[in-house]
Amino acid sequence: MSVEVGKPAPDFTLPTDGGGSVSLKGLRGKKIVLYFYPKDDTPGCTKEACGFRDNLPDFNGLDAEIIGVSKDTVAKHDKFKAKYDLPFTLASDEDGKTVEAYGSWVEKAMYGKKYMGIDRSTFLIDEKGVLRAEWRKVKVPGHVEEVLAKAKEL
């Protein structure tokens, strides 16, 4: 399954850092930046998270919530969040259902070996739960700024 711009984004309820939970339905009325990333505390994922952290005041000014999602455990999210002082929600999708619902569980290749993994991807969802933009195969440099610019258009 995948998602389509202009259609309702798939709902989800996931456990989060700090022992909480987050659902798309529970965030109605706010813009949502939902980003999927492969693994906590790896170079690219750390740069991306710190980019969102550093631009959080601008997203907050647009009434936008940032939610990072990976298959890492809540305990790993807690450590990652504390290490880099990340002030937004990290959600754990250990069974991969949300990652699959958004079409971000893909075949990858490294050194000729194929495996399944999370495609670094970001989704911008409006206040009514409708997908307004998506980015696939994200390259970290400049990405946060691009998402912020698109969020300002909503």
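Just so we're clear, the structure is a prediction, and the values are computed from it rather than from any experiment.

1. Here we look at helix α5 (residues 143-153)
Thought 1: Within α5, the full set of buried residues consists of His143, Val144, Val147, Leu148 and Ala151. Take α5 and look down its axis: the buried residues cluster within an arc of 135 degrees, on one side only. Exposed positions of α5 whose direction lies more than 90 degrees from the buried face are Lys152 and Glu153.
Thought 2: On its buried face, α5 sits against β3 (31-36), α1 (43-54), α2 (56-60), β8 (121-125) and β9 (131-135).

2. Describing helix α3 (residues 74-84)
Thought 1: Among the residues of α3, His77, Phe80 and Lys81 are the ones counted as buried. Buried residues of α3 fall within an arc of 100 degrees about the axis and therefore sit on the same side. When the buried face of α3 is taken as reference, the exposed residues oriented beyond 90 degrees from it are Lys79, Ala82 and Lys83.
Thought 2: Against α1, β4 (64-70) and β5 (89-92) lie the buried residues of α3.
Thought 3: Count one or two residues on from α3 and you reach Asp85, which has phi positive near 50 degrees.

3. Focus on the pattern of salt bridges
Thought 1: Enumeration over the complete set of coordinates arrives at 12 salt bridges.
Thought 2: The salt bridge partner of Glu127 is Lys31, with a shortest N-O separation of 3.3 Å. Linking Glu127 in the loop between β8 and β9 with Lys31 in strand β3, this pair joins segments that are 96 residues apart in sequence.
Thought 3: For Arg53, the salt bridge identified is with Asp54, shortest N-O distance 2.8 Å.
Thought 4: Accessibility expressed as a relative area gives 25% for Arg53, which makes it partly exposed.
Thought 5: Note on Asp54: relative accessible area 52%, which makes it exposed.
Thought 6: If you follow the salt bridges from partner to partner, you end up with Lys30, Asp63 and Glu65 in one network.

4. As for the nonpolar core
Thought 1: Val33, Tyr35, Phe52, Phe59, Ile66, Phe88 and Leu90 are the most contacted members of the largest nonpolar core, which has 22 residues in total.
Thought 2: Elements represented by at least two residues in this core include exactly β3, α1, α2, β4, β9 and α5.
Thought 3: Once residues lying within four places of it in the same chain are set aside, the contact partners of Phe59 are Val33, Phe52, Ala64, Ile66, Val144, Val147 and Leu148.
Thought 4: Counting residues in each nonpolar core, the second largest holds 20 residues, with Val22, Leu24, Leu34 and Leu131 among its members.

5. Thoughts on the sheet that holds β4
Thought 1: Read from one edge to the other, the open sheet built from five strands follows the order β5-β4-β3-β8-β9, with strand pairing classed as mixed. Both edges of this open sheet fall to β5 and β9, since each of them pairs with a single strand only. For this sheet the average axis-to-axis angle between neighbouring strands, irrespective of direction, equals 20 degrees.
Thought 2: Direction of pairing for β4 relative to β5: parallel, over a ladder of four bridges.

6. Considering the packing of aromatic side chains
Thought 1: Tallying each qualifying case throughout the model produces 10 aromatic pairs.
Thought 2: A ring pair is formed by Tyr37 and Phe80, whose centres lie 6.3 Å apart and whose planes are at 35 degrees; its orientation type is tilted. Here Phe80 lies in helix α3 and Tyr37 lies in the loop between β3 and α1, a separation of 43 residues in the sequence. Assigned by exposure class, Tyr37 and Phe80 land together as buried.

Definitions and limits used
Residues numbered from 1 in each chain as written. Predicted model: local features only at pLDDT ≥ 70, side-chain atom pairs only at ≥ 80, totals over all residues. Heavy atoms only, no water. Buried < 20%, exposed > 50% of the residue type's maximum accessible area, 1.4 Å probe, protein only. Helix = DSSP H or I, 4+ residues; strand = E, 2+ residues; numbered from the N terminus. Arc of directions from axis to C-beta. Contact = heavy atoms within 4.5 Å. Salt bridge = Lys/Arg side-chain N within 4 Å of Asp/Glu carboxyl O. Core = buried A, V, L, I, M, F, W, Y, C linked by side-chain atoms within 4.5 Å. Pairing = 2+ DSSP bridges. Axes fitted to C-alpha atoms, helices over the stretch in contact; angles between N-to-C directions. Phe/Tyr/Trp six-rings, centres within 6.5 Å; stacked < 30°, edge-to-face > 60°.

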